[in-house]
Amino acid sequence: MTAARILVAKTSLDGHWRGINVVSRALRDGGFEVILAGMVTADTIARVAADEDVDLIGLNVGGRVEVVERILDTLAEHGVKTPVFAGGTIPHYAVEKLEKRGVRCFPPGSSLDDIVACARELTGTVA
Amino acid sequence: MFNAALSGDRRSLAQLLSVVEAGGDDFEFVAPKLLASAKGIHTIGLTGAPGAGKSTLTDAMIGEALRAQRKIAVIAVDPSSPFTGGAILGDRVRLSDEHARDESVFVRSLASRGQLGGLSLAVPGMISALDAAGWPIALVETVGVGQSEVAIAASADTTVVVVNPGWGDEVQANKAGLLEVADILVVNKSDRPGADATVRDLERMLHLGAARSWNPPIVKTIAAEGKGADVLWQAINDHRAFMEASGEWEERRRTRRLVELRERVTSALQRISTDIEKNEGQDIAMRVANGELDPATGAAQLRAMLGKRLGD
Ligand SMILES: Nc1nc2c(ncn2[C@@H]2O[C@H](COP(=O)(O)OP(=O)(O)OP(=O)(O)O)[C@@H](O)[C@H]2O)c(=O)[nH]1
Ligand SMILES: [Mg+2]
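Residues numbered from 1 in each chain as written. Chains lettered and ligands numbered in written order. Predicted model: local features only at pLDDT ≥ 70, side-chain atom pairs only at ≥ 80, totals over all residues. Heavy atoms only, no water.

Draft legend 1. Representation of the overall build of chain A within the structure. For chain A, the count of helices and strands is five helices and five strands. Taken from N to C terminus, the helices and strands of chain A fall in the order β-α-β-α-β-α-β-α-β-α. For chain A, the spread of C-alpha atoms along the principal axes amounts to about 35 × 30 × 30 Å. Every one of the 127 residues in chain A was classed for burial, and the buried ones make up 52%. In the structure as shown, chain A presents an accessible area of about 5,900 Å², 53% of it carried by carbon and sulfur atoms. (Helix = DSSP H or I, 4+ residues; strand = E, 2+ residues; numbered from the N terminus. Buried < 20%, exposed > 50% of the residue type's maximum accessible area, 1.4 Å probe, protein only. Areas by Shrake-Rupley, 256 points an atom, 1.4 Å probe, with all protein chains shown as cover.)

In structure tokens form, the structure reads like this:
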């Protein structure tokens with residue numbers, strides 16, 4: 001049995017790695033393999049998701065939701081059907097917008113347990 | 001999927017690599033086909049202490065390879081947590097975006113799983129898959145702590161050991177082993193003081209070791225600035241030419257195939273024996289744990305059960 005794989009990518013240029021690191025550790029402790037991509041462009045996220053054969057994509061949002069929407073468009077263009085969830089500073093108005101496109105959102109204040117549980121659900125793995 | 005992977009479809013290759021990594025029946029089905037499509041990939045192992053700059057150096061080496069119009073595949077290994085089996089695979093953070101999306105680059109992150117035989121089975125299998133898919137070079141990054149550098153040396157044609165200035169001042173443990181597996185030594189972070197002294201230390205230590213037909217060159221790099229990667233590639237190509245001329249290229253492959261054969265048998269046996277311990281051998285294991293039965297007698301009884309299973 002191999003563990004489910006999650007690509008975690010940063011979508012903003014700010015130097016804030018704390019949230020990404022905390023969530024990545026929680027996912028690792030939940031038994032997932034977390035592939036950290038750092039700050040990459042939308043095309044690269046599509047490429048990495050395919051090359052690494054991941055089961056889930058996690059986007060760290062830094063306020064600008066348009067960036068996330070562009071990434072979703074790019075993934076669709078490349079035929080990547082991997083589920084996506086997002087965390088970080090997602091503005092309120094944006095949560096609804098993203099969830100409509102099938103992206104589960106975890107704005108600030110979300111519990112790590114909920115994030116891990118969601119990862120389990122989206123990858124079809126059990127604890 | 002298999003044929004698509006071999007004819008250059010990346011998505012299929014990515015899926016093939018997952019099949020290889022899982023190592024189950026599906027892998028046994030494709031394994032003979034991989035051998036039939038083998039082309040002679042050059043595997044370069046890159047090992048060294050945590051933080052030595054292996055991933056940064058990998059990125060610099062990719063840049064050089066692309067300048068020379070060569071395709072390059074990378075397998076980046078990071079340790080799994082022994083408690084949860086999870087892992088954070090962070091080597092990609094050092095990869096530039098430009099390299100990460102280049103058609104001529106294929107990077108795959110791999111967790112060590114901390115299991116006996118895990119890595120030593122997954123890596124050779126994945127290299128065979130990349131070879132069959134037409135990738136001419138595979139760079140394998142592993143953190144070198146203790147036994148694992150020996151393990152990676154076993155699956156590489158050319159082993160590059162990365163150290164930093166000041167390495168000579170550290171404790172002696174492990175050094176001899178590292179020098180023994182190194183075909184090429186890299187002093188990375190040569191922008192820091194002490195690089196030349198470290199080169200001299202390494203030269204002296206190499207002289208102390210047993211004479212070898214190949215004298216490992218020592219290359220200074222500043223991976224963070226992309227400096228020295230060209231010299232490193234030259235050393236790697238020289239090593240390859242040496243191996244081909246001396247017959248070592250084929251000799252290492254022969255050894256590697258036998259190692260993989262043994263690893264696969266051992267790991268299969270171990271899987272069955274663990275399963276026996278949880279099932280028909282549960283009583284025996286319990287009595288050994290309680291101190292009622294000595295481990296040697298217990299082992300003999302489990303062995304008999306193993307024999308029965310293998311007879312099935
Ligand atoms: N000064 C200096 N720093 C460097 C150089 N190469 C890498 N570094 C830095 O060293 C740190 C570790 O680099 P990595 O490339 O992640 O090291 P690594 O060996 O892959 O680390 P692990 O995979 O965690 O074992 C980073 O902060 C790099 O920027 C160099 O040539 N000079
Ligand atoms: Mg690294």
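Draft legend 2. Just empty space enclosed by the protein, in detail. All names here are of chain B. Summed over all chains, the structure comprises one cavity of 30 Å³ or more. As for the largest cavity, its lining consists of Ser 55, Thr 58, Asp 59, Ile 62, Val 74, Ala 76, Asp 91, Arg 92, Arg 94, Leu 95, Val 107 and Glu 141. Every element with two or more residues in the lining of the largest cavity is listed here: helix H4 (54-67) and strand E2 (72-78). A per-element tally of the lining of the largest cavity places H4 first, with four residues. Partitioning the lining of the largest cavity into residue classes produces five nonpolar, two polar and five charged. (1 Å grid on protein atoms, 1.4 Å probe; cavity = no way out; pocket = protein on both sides within 12 Å on 5 of 7 lines; lining within 4 Å. Points joined across faces, edges and corners; volume = space filled by probe spheres on them. Nonpolar A, V, L, I, M, F, W, Y, C, P; charged D, E, K, R; others polar.)

Draft legend 3. How the structure looks around the interface of chain B and chain A. On the chain A side, the residues contacting the 29 residues of chain B number 29 residues. Summing both partners gives a buried area of about 2,300 Å² for chain B against chain A, and 49% of it is carried by carbon and sulfur. Per-residue buried area on chain B facing chain A is highest for B:Arg11, B:Ile88 and B:Arg92; these three make up 25% of the total on that side. At the junction of chain B with chain A, the criterion picks out three salt bridges. Where the side of chain B that touches chain A is concerned, the elements lending two or more residues are helix H2 (10-22), strand E3 (87-89), helix H5 (97-100) and strand E4 (105-111) of chain B. In terms of residue count, H2(B) provides more of the side of chain B that touches chain A than any other element does, seven residues in total. Here the side of chain B that touches chain A is composed, by residue class, of eleven nonpolar, eight polar and ten charged. (Contact = heavy atoms within 4.5 Å. Buried area = accessible area lost by both parts, 1.4 Å probe. Salt bridge = Lys/Arg side-chain N within 4 Å of Asp/Glu carboxyl O.)

Draft legend 4. Summary view of the site of ligand 1. Residues and elements named next belong to chain B. Taken together, the neighbourhood of ligand 1 is formed by 19 residues, with Lys 54, Ser 55, Thr 56, Arg 94 and Asp 191 sitting nearest. Measuring from an oxygen atom of ligand 1, one finds a backbone N or O atom of Ser 55 at 2.8 Å. Residue Ala 223 places a main-chain N or O atom 3.0 Å away from an oxygen atom belonging to ligand 1. Starting from 650 Å² of accessible surface for ligand 1 in isolation, the protein chains cover 76%. Broken down by secondary-structure element, the contributors of at least two residues to the shell around ligand 1 are H4 and strand E5 (137-143). For the shell around ligand 1, the element with the highest residue contribution is H4, accounting for three residues. Looking at the shell around ligand 1, its residues break down into seven nonpolar, five polar and seven charged. (Near = heavy atom within 4 Å. Polar contact = N/O pair within 3.5 Å; in protein donor to acceptor, adjacent residues only side chain to side chain.)

Draft legend 5. Molecular detail of the coordination of the magnesium ion (ligand 2). All names here are of chain B. The magnesium ion (ligand 2) binds to the protein through Ser 55 (OG), Asp 91 (OD) and Glu 141 (OE), with metal-donor distances spanning 2.1 to 2.2 Å. Residue classification places Ser 55 among the buried positions, given a relative accessible area of 12%. Glu 141 gets classed as buried once you look at its relative accessible area, which sits at 5%. (Donors = N, O, S within 2.8 Å, 3.2 Å for Na, K, Ca; no water.)

Draft legend 6. Main features of the side chain of B:His239. One can find B:His239 in helix H10 (residues 229-246). Apart from residues no more than four positions distant in its own chain, B:His239 is found in contact with B:Asp157, B:Thr158, B:Asp183, B:Trp214 and B:Arg252.

Draft legend 7. Layout of the pattern of salt bridges. Counted according to the given criterion, the structure contains 25 salt bridges over all chains. Here B:Glu225 makes a salt bridge to B:Lys227, at a shortest N to O gap of 2.9 Å. B:Glu280 is paired through a salt bridge with B:Arg309; the nearest N and O atoms lie 2.9 Å apart. Here the residue B:Glu280 occupies a position in the loop between helix H11 (248-278) and helix H12 (282-290), and B:Arg309 occupies one in helix H13 (residues 295-311), the gap between them amounting to 29 residues. A residue is classified by how much of its surface remains accessible, and B:Arg309, at 26% relative accessible area, is partly exposed. One network of salt bridges, with partners in common, ties together A:Arg5, A:Glu33, A:Glu52 and B:Arg92.

Draft legend 8. Quick peek at the pairing of E2(B). All names here are of chain B. By the criterion of burial, E2 is predominantly enclosed, with seven of the seven residues buried. Residues Ile 72, Val 74, Ala 76 and Asp 78 point to one face of E2 and Ala 73, Ile 75 and Val 77 to the other, with burial holding for every one of them. The sheet contact formed by E2 and E4 spans seven bridges and is parallel. By the bridge assignment, Val 74 is partnered in E4 with Val 107. Where E2 meets E5, four bridges bridge the pair, whose relative direction is parallel. Considered in E5, the bridge of Ala 73 is made with Ala 138. (Pairing = 2+ DSSP bridges.)

Draft legend 9. Spatial organisation of the confidence of the model for chain B. With 92% of its residues at a pLDDT of 70 or more, chain B has an overall mean of 90. Reported confidence for the predicted complex is 0.94 by ipTM and 0.93 by pTM. (pLDDT = per-residue confidence, 0-100.)

Draft legend 10. Region of the structure containing the packing of aromatic side chains. Enumeration according to the criterion identifies three aromatic pairs over all chains in this entry. Arranged with centres 6.1 Å apart and planes meeting at 85°, the rings of A:Phe85 and A:Phe106 form a pair that is edge-to-face. With A:Phe85 in strand E4 (residues 84-89) and A:Phe106 in strand E5 (residues 104-106), this residue pair connects regions lying 21 residues apart in the sequence. In this structure A:Phe85 comes out as buried when scored by relative accessible area, which is 4%. Owing to a relative accessible area of 12%, A:Phe106 belongs among the buried residues under this scheme. Their ring planes at 35° and their centres at 5.2 Å tell us that B:Trp214 and B:Phe242 sit as a pair that is tilted. Here B:Phe242 lies in helix H10 and B:Trp214 lies in the loop between helix H9 (195-208) and strand E8 (218-220), a separation of 28 residues in the sequence. For B:Trp214, a relative accessible area of 14% corresponds to the buried category. The ring of B:Phe2 has B:Lys33 sitting right over it, with the charged end atom 5.5 Å from the ring centre. (Phe/Tyr/Trp six-rings, centres within 6.5 Å; stacked < 30°, edge-to-face > 60°. Lys NZ or Arg CZ within 6 Å of the ring centre and 35° of its normal.)

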